[in-house]
Amino acid sequence: MRASRQGEAWRVYGEKHRVVATHGSPSPTPPASATRSQNGASLRPLERFVCIPLVPAAQPINPVSFAFASGSTQVRFDGSSERMGIAQAAAPLRLHLGCSGAAPPRPTSLRVGVGFGSHARRKGGRRRNPPRAASSLHPSSNPRAHDHEPALKPPAPAPAVDVAGRDLNGAADHAPQQRRRAASDLEEEAWALLRESVVSYCGSPVGTIAACDPNDSSPLNYDQVFIRDFVPSGIAFLLKGEYDIVRNFILHTLQLQSWEKTMDCHSPGQGLMPASFKVRVVPLEGDEEGATEEVLDPDFGEAAIGRVAPVDSGLWWIILLRAYGKCSGDLSFHERIDVQTGIKLILKLCLADGFDMFPTLLVTDGSCMMDRRMGIHGHPLEIQSLFYSALLCAREMLTPEDGSADLIRALNNRLMALSFHIREYYWLDKRKLNEIYRYKTEEYSYDAVNKFNIYPDQIPPWLVEWIPPEGGYLIGNLQPAHMDFRFFSLGNLWSIVSSLATTRQSHAILDLVEAKWSDLVAEMPLKICYPALEDQEWKYITGSDPKNTPWSYHNAGSWPTLLWQVCNLSIMFEILMCTLQTSRPCRVFGLIT
């Protein structure tokens, strides 16, 4: 059953992306015919795909470090997984990441569906969706299921078809056309909603608002343009060839960086980027006829809930800046004096000396995407992954000059120390878990094994049974005598994109996502973290936050916007494995398709 469904997934994959695939019941590995036509001529399927590298790959290059999408560049291989080059695409192929209703079924062991219903807003009131065990979804394993749910009928087997889209009797298979039509309608609807959220300043588009709900009479700050929230929208506009809105966004936020920022007579560093900004219409000074003008009103945290400065804004800004240059081809934009100054100010703020002994970035709670109290103060993985990506991007964009030599040297040293620290101390799998169980505590020496004095008793009971034998992930936080064992989706996914995770670790993370699909995705993708804080733990860590109740908002709530990273990584994995003819595909692609 699983083999036949994987064959169906490969068939859809070949039709959607124009890669030759076999029919019937292939093995779990990509068939050799996926890269060679019937007459033996190489099809070079990678030349049919295009990509935008969101971050430059570090050395050695992780073959998981590029996100595939439509645009103006493509990847070419020289036959080795250790080297990649970027070349202009002669005829870019549009890559649809939509999910149609006629997608092939997933493995029956999961028995869950992925719903793309109404978009979950950033504020409270989202639907609670606690994960359910896979066994509870099957009526035969749950006696109560017959009383509350209809019987689950096994899906009808898909007819065997060849590469041309015909079944074995010669009849045409219309399912691919229906899937393409559904994907096209879904894409048009998404673009219509995205364009309705565009914000203009002095007649030019400068971003998109965080949330759009016409029935909300008090949107708080959700009608503002958030830097972190605009990044997915900016990537979409870049792939569409609409570069002006991203360029305007970068330049206007760069101007806001130099504004004087004070709170209670204290001013933060010059390189701080705002969390958001709003276009306001104010009366023109000195004009008696009632004329008005538009101004940008930034928020650096002095008006935010909790009064927390955004640490991730500057990191996202650098990543989007490089994506703009790579996609538009306007690499001279990086060499502007004001852009170079903005990059240096952000780097100086992040690389400033302090009291911390670790190469990771020390932040307070609520300073990133989880902008409310969620117990992530210290060295959260999300910030470290973005920090590593921003350092790689900045190293590529900084112009070589006498004034930046010391900064580049400090940047290189930090990259080496940061990558070793995350890969060595944040990684958790079955083997590492057994090591933690055997840790000796209170070690005072330079060669101590338990460097952070982690007590084995703090390992949560759910972790032992939850982590799969072949999978692993990067923990959420690491401090003296404290490890946050929660799985944070953005930090783990972005560590793959940026090559912060090794190749082996990247495979293990996606293996865990596949094995725990019912927990991390369930009926509404994708959990921002797992598991949720409940009962007394929720009360003490969140301060009894009514918005972050268990399985909602930041407390293991569903964020469909995170799914684009899973799709990019999965598609890229399939292309790499097919081209390199390796024996280990990424099975998460079959689940998504």
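Criteria and cut-off values
- Residues numbered from 1 in each chain as written.
- Predicted model: local features only at pLDDT ≥ 70, side-chain atom pairs only at ≥ 80, totals over all residues.
- Heavy atoms only, no water.
- UniProt positions renumbered as here; feature names shortened; annotations may be inferred.
- Helix = DSSP H or I, 4+ residues; strand = E, 2+ residues; numbered from the N terminus.
- Buried < 20%, exposed > 50% of the residue type's maximum accessible area, 1.4 Å probe, protein only.
- Contact = heavy atoms within 4.5 Å.
- Areas by Shrake-Rupley, 256 points an atom, 1.4 Å probe, with all protein chains shown as cover.
- Pairing = 2+ DSSP bridges.
- Axes fitted to C-alpha atoms, helices over the stretch in contact; angles between N-to-C directions.
- Parallel < 35°, antiparallel > 145°, perpendicular 65-115°, else oblique.
- Left-handed = near helix turned anticlockwise from the far one by under 90°.
- Nonpolar A, V, L, I, M, F, W, Y, C, P; charged D, E, K, R; others polar.
- Core = buried A, V, L, I, M, F, W, Y, C linked by side-chain atoms within 4.5 Å.
- Phe/Tyr/Trp six-rings, centres within 6.5 Å; stacked < 30°, edge-to-face > 60°.
- Salt bridge = Lys/Arg side-chain N within 4 Å of Asp/Glu carboxyl O.
- pLDDT = per-residue confidence, 0-100.

- With an unreviewed UniProt entry as reference, the protein is termed Alkaline/neutral invertase, source organism Aegilops tauschii subsp. strangulata.
- Taken verbatim from the UniProt record of the protein, the Sequence similarities (unreviewed entry) comment is "Belongs to the glycosyl hydrolase 100 family."

## Observations regarding the overall build of the protein
So, point 1. When its secondary structure is counted, the protein shows 17 helices and 15 strands.
So, point 2. Counting all 593 residues of the protein, 52% fall into the buried class.
So, point 3. Considering only contacts in the protein between residues 6 or more positions apart, those separated by 24 or more positions represent 68%.
So, point 4. Surface exposure of the protein reaches about 27,800 Å², of which carbon and sulfur atoms provide 53%.

## Here's the deal with unusual backbone geometry
So, point 1. Going from Pro-525 to Leu-526, the amide bond is cis rather than trans, its omega being -5°.
So, point 2. With respect to the helices and strands, the residue Leu-526 is situated in the loop between α14 (517–520) and β15 (529–530).
So, point 3. The step from Tyr-530 to Pro-531 runs through a cis peptide bond, and the omega angle for that step is -5°.
So, point 4. Looking at the secondary structure, you find Pro-531 in the loop between β15 and α15 (535–542).
So, point 5. A positive phi angle is found at Asp-535, which is not glycine, with a value near 55°.

## Digging into the sheet that holds strand β7 (residues 225–226)
So, point 1. Taking strand neighbours across the sheet as the criterion, the 3 strands line up as β7-β8-β9 in an open arrangement whose pairing is antiparallel. Edge strands, defined here as strands with exactly one partner in the open sheet, are β7 and β9 (292–299).
So, point 2. Pairing analysis gives 2 bridges linking β7 to strand β8 (residues 276–283), with the strands arranged antiparallel. Paired with Phe-226 across the strands is Ser-276, a residue of β8.

## Observations regarding the packing of helix α6 (residues 312–328) against helix α7 (residues 337–350)
So, point 1. For the pair α6 and α7, interaxial distance at closest approach is 10 Å and the crossing angle is 140°. Between α6 and α7, the interaxial angle falls into the category oblique. In the packing of α6 onto α7, the handedness of the crossing is left-handed. On α7, the residues touching Gly-314, Leu-315, Trp-317, Ile-318 and Leu-321 of α6 are Val-339, Gly-342, Ile-343, Ile-346 and Cys-350.
So, point 2. Among the residues forming the contact of α6 with α7, the class breakdown is 8 nonpolar, 2 polar and no charged.

## Some points on the packing of helix α4 (residues 227–240) against helix α5 (residues 244–257)
The relative placement of two packed helices is expressed as an angle between their axes plus a distance between the axes.
So, point 1. Put simply, α4 and α5 touch, their axes get as near as 9 Å, and they point 150° apart. Overall, the two elements α4 and α5 adopt an arrangement that is roughly antiparallel. Residues Ile-227, Phe-230, Gly-234, Phe-237 and Leu-238 of α4 form the contact with α5, whose participating residues are Ile-245, Val-246, Phe-249 and Thr-253.
So, point 2. When grouped by side-chain class, the residues that make up the contact of α4 with α5 number 7 nonpolar, 2 polar and no charged.

## A look at the pairing of strand β5 (residues 198–201)
A regular strand carries its side chains on alternate faces of the sheet.
So, point 1. Here β5 shows one buried face, formed by Val-199 and Tyr-201, and one open face, formed by Val-198 and Ser-200.
So, point 2. Summarising the sheet, β5 and strand β6 (residues 204–208) pair through 4 bridges and their orientation is antiparallel. When the bridges of β6 are listed, Tyr-201 appears paired with Ser-204.
So, point 3. Following β5, the chain reverses through 2 residues before pairing antiparallel with β6; Cys-202 in that reversal takes a positive phi of roughly 55°.

## Structural notes on the nonpolar core
Nonpolar side chains tend toward joint burial in soluble globular proteins.
So, point 1. Counting residues in hydrophobic clusters, the biggest one holds 118 residues, and the most contacted among them are Val-246, Trp-317, Ile-343, Leu-347, Leu-428, Tyr-473 and Phe-485.
So, point 2. Among residues more than four places away in sequence, those in contact with Ile-343 are Trp-317, Leu-321, Ala-394, Met-397 and Leu-398.

## Here we look at the packing of aromatic side chains
So, point 1. For the coordinates displayed, the defined rule picks out 16 aromatic pairs.
So, point 2. Each ring, one from Trp-316 and one from Trp-494, has its centre 5.2 Å from the other, and the planes form 65°; the classification is edge-to-face. Of this pair, Trp-316 sits in helix α6 while Trp-494 sits in helix α12 (residues 489–497); the two residues are 178 residues apart in sequence, bridging distant segments of the chain. Of the two residues, Trp-316 and Trp-494, neither departs from the other in class, the shared state being buried.
So, point 3. Measuring from ring centre to ring centre gives 5.9 Å for Tyr-530 and Trp-551, while their planes differ by 45°; the resulting arrangement is tilted. Pair noted here: Tyr-530 is in strand β15 and Trp-551 is in the loop between α15 and α16 (563–580), with a separation of 21 residues, a long-range link.
So, point 4. Assessed through its relative accessible area of 10%, Tyr-530 is described here as buried.
So, point 5. Residue Trp-551 is classed as buried on the basis of its relative accessible area, which comes to 11%.
So, point 6. Ring pairing ties together the aromatic residues Trp-462, Trp-466, Tyr-473, Phe-487, Tyr-530 and Trp-551, which thus form one cluster.

## Observations regarding the pattern of salt bridges
So, point 1. Applying the stated criterion across every chain, the model contains 14 salt bridges.
So, point 2. With its nearest N and O atoms 3.1 Å apart, the salt bridge here joins Asp-330 to Arg-247. Of this pair, Asp-330 sits in the loop between α6 and α7 while Arg-247 sits in helix α5; the two residues are 83 residues apart in sequence, bridging distant segments of the chain.
So, point 3. The residue Arg-431 makes a salt bridge to Glu-435 at a minimum N-O spacing of 2.5 Å. Here Arg-431 pairs with Glu-435, and both are found in helix α10 (residues 430–437), just 4 residues apart, close to one helical turn.
So, point 4. The partly exposed category is assigned to Arg-431, whose relative accessible area is 49%.
So, point 5. Residue classification places Glu-435 among the partly exposed positions, given a relative accessible area of 33%.
So, point 6. Through salt bridges with shared partners, a single ionic network connects Arg-322, Lys-326 and Glu-396.

## Some words on the confidence of the model for the protein
So, point 1. Averaged over the protein, the pLDDT score is 74; the fraction of residues at 70 or greater is 67%.
So, point 2. Mean pLDDT in the protein bottoms out at strand β4 (residues 84–88), which sits at 29, and peaks at strand β11 (residues 472–474), which reaches 98.
So, point 3. Scored below 50 in pLDDT, residues 59–155 shows 232 contacts in the model against residues more than four places distant or in partner chains.
So, point 4. Confidence drops under a pLDDT of 50 for residues 160–168, and excluding neighbours within four residues, the segment shows 19 contacts in the predicted structure.

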